[in-house]
Structure formats: C-alpha cells, structure tokens
Amino acid sequence: MKITVNGTPRDSTAATLDALLVELGYGGAKVATAVNESFVPAAIRPEQRLNEGDRIEIVAPRQGG
Amino acid sequence: MSRHGKGADMPVFYETEVSSRLMLGTAQYPSPAILAEAFKRSGAGIATVSVRREAGGERAGQAFWDMIADLGVHVLPNTAGCHSVREAVTTAQMARELFDTNWIKLEVIGHADTLQPDPFGLVEAARILTDDGFQVFPYCTEDLVLCERLVEAGCRVLMPWGAPIGTGLGLNNIYGLRSLRAHFPDLPLVIDAGLGLPSQAAHAMELGYDAVLLNTAVAKAGDPAAMAEGFARALEAGRLAYEADPMEPRDMAAPSTPVFGRAFT
C-alpha cells in the first residue's frame, strides 16, 4: 500500500495508524498525528484504518515564535 | 486593566494571570542553555512553541518538551507557517494534544513576503477553534474591523503586529495601535511581532498595551540573555509611565524653572 508520511511517499503494510507508528519507530514517542489533513487523537490511532494514498503527518514539539 | 491601577497588576489571559508582560519565543537561540538563561534573566511568563514533523526514532520532541517544562512558564503553542484554515485548525488540534493546553497562538498567514495575517481565514479559524474549546490568541493586524470580528468569534485577547515578523522595525502604525487600545479598553492587547529594541517595547507599554511577544529580537541579539533582560526592564519602565499618566505634549516651550523671582528683572 502506497502512502505518504510527512511528505515522503512510502510502502507500508500497516493496517492502522497505530501500527504504522510502531513500524516506523515512533513507539512511545511524544507525537501527534493527522491523516489527510484531519487530526487523529492518540486514543483513536488503533482504530484509524489506513488506505491507499493516505497522507499522514506525524509531528512533535519544537521551538517556535 | 485600569489605566491608574496598581503597578503590580499583571495581564490576565482567559482567566489566567501571568507573572510578566513578556512573552518569549523559543526559536533561533544559539543553544538551549542560552534560551534558558534568557527566560531566567527576563522573567518571561509565557513561552511560545510550535509543532513540526518528526522522523521515526528521532525523539527530538520529547527532549525539547522536557527543556520547556523545566522553564516553569506557561506554554503558548502556535500555528506558524499555516496558510489555510484547514492547516491551522489541524495544527492547533495536534498542538493541544502535545502541549496539553487550550491556548493557541493562531497564525493564518496570508502573504509570503510580509507574513501578514490572512484576516478572512483568521476569523474563520478563530471561530472553529473557539467552538472546539480553544482559547485563541490571534496574530492579527491593528485593523479595527478585523479585531471586532475576532472578538465576535470568541477571542478574548488580540495580538496585533508591530511590524512584519522578524523585521525589528518596531511599531509601524502608532495611530492604528492607539485607536485599537481606545476601542478595546478592557481587552488584553499584545504586540506580537516586529519588535527589535527595548525602546519599542517601552513605547508599546506607554500606549497602554498589556504585553509584548518577542523572539528574533532576543534570540538573534549578540547576547540574547542580556537583551531579554533589557526588554523586561523596558516593559516595566513603559508600564510605569503609562500608569503614571504622562503629561500632554505641546508645541510651544514652557519654562520649567519658575519665572517669578528671576534676577535682573
């Protein structure tokens, strides 16, 4: 399944957003997520099914002005 | 917010009183230690932060968060760089989860060169986020109509720019900022962006503004911690002057030394 993660196209077999985070090494990381520009709360990630072409954003706290 | 209130009165944002009139950004410092020193010497009460993409295994977000938590200040996440309502709303929702706060500095950028706000998108995003339980700090211009719309959308603080972000040009529209203060006498007003020198922050205080939000002016100074303290002192001086009810300027000279009793008369 082809998806886009943080702007980079990639292949994944992860069925859910939660599984994708584990597959990509985010397990336990302080991150927030969105799928196709919609926020997905952490509690919902195990139920968030991924589909061909999904655009996933994974962000973390950073410096800001 | 009384003009003649006690000097100890501090701004209240959405029922939260802060300990300083300085809100300080956390970007562009030479090192985390210098960032921490700038907060310590200035006594800034609010730190602005953002969210950005993180790679798997990077864990930079946790390290940054731990450092900010150690500062012991209120955290104000932003939606910097968002050019659409959708981006800003989703970014705000992600920030709320990461930083565990309903506060959001709402930026909807409308122009790439000036980074000036998109007033139409800003009002729409402010309404959506307020309805979603956020307490919105809108980065706006001094336009009275825009500011009225933002208040109607639920904003209980306004953050007009002094000048475009990162320019250090100071207060570009004194008349407009004075009008805004007069139009919203009881609403917390914060100069957000464009300041370069403490004297400009003092001027903002003399106009009756409640706080300023800085980043580049401090972080890009040769000695950021010293500059942060300089801003803090200027804010105190400017606020004292405002509360002291300054004299009215006049065109003609008026002798300050008594005329009566002068020799040779």
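Residues numbered from 1 in each chain as written. Chains lettered and ligands numbered in written order. Predicted model: local features only at pLDDT ≥ 70, side-chain atom pairs only at ≥ 80, totals over all residues. Heavy atoms only, no water.

A few points about the side chain of A:Asp54
Residue and element names in this part refer to chain A.
Move 1: Summarising the element assignment, Asp-54 is placed in the loop between β4 (38-40) and β5 (55-63).
Move 2: Despite its burial, Asp-54 remains without a salt bridge, the nearest opposite charge being carried by Arg-55 at 6.7 Å.
Move 3: Sequence-distant contacts of Asp-54, defined by excluding residues within four places in its chain, comprise Lys-2, Ile-3, Thr-4, Val-35, Asn-36 and Arg-49. (Helix = DSSP H or I, 4+ residues; strand = E, 2+ residues; numbered from the N terminus. Buried < 20%, exposed > 50% of the residue type's maximum accessible area, 1.4 Å probe, protein only. Lys, Arg positive; Asp, Glu negative; His and termini not counted. Salt bridge = Lys/Arg side-chain N within 4 Å of Asp/Glu carboxyl O. Contact = heavy atoms within 4.5 Å.)

What about helix α1 (residues 32-42) of chain B?
Residues and elements named next belong to chain B.
Move 1: Turning to α1, its buried residues are Leu-35, Ala-38, Phe-39 and Ser-42. One face of α1 carries all of its buried residues, which in axial projection span an arc of 95 degrees. Facing away from the buried side of α1, by more than 90 degrees, are the exposed residues Ala-33 and Lys-40.
Move 2: Buried positions along α1 lie against β3 (22-25), β4 (46-53), α2 (60-71), α8 (216-219) and α9 (224-243).
Move 3: Positive phi shows up at Gly-43, right after α1, with a value of about 70 degrees. (Arc of directions from axis to C-beta.)

So, the confidence of the model for chain B
Move 1: On average, residues of chain B score 95 in pLDDT, and 97% of them are at 70 or above.
Move 2: Across the predicted assembly, pTM comes out at 0.93 and ipTM at 0.97. (pLDDT = per-residue confidence, 0-100.)

Describing the environment of B:Arg149
Move 1: Positionally, B:Arg149 belongs in helix α5 (residues 144-152).
Move 2: Judged by its relative accessible area of 37%, B:Arg149 falls in the partly exposed class.

A word on the pattern of salt bridges
Move 1: Evaluated as defined, the whole model comprises 14 salt bridges over all chains.
Move 2: A salt bridge links B:Glu97 to A:Arg45; the nearest nitrogen and oxygen atoms lie 3.4 Å apart. With B:Glu97 in helix α3 (residues 85-99) and A:Arg45 in the loop between β4 and β5, this residue pair bridges two chains.
Move 3: A relative accessible area of 28% means that B:Glu97 is categorised as partly exposed.
Move 4: Classification of A:Arg45 as buried rests on a relative accessible area of 8%.
Move 5: A:Arg62 is the salt-bridge partner of B:Glu58, the closest N and O atoms lying 3.2 Å from each other. One end of the pair, B:Glu58, is in the loop between β4 and α2; the other, A:Arg62, is in strand β5, on a second chain.

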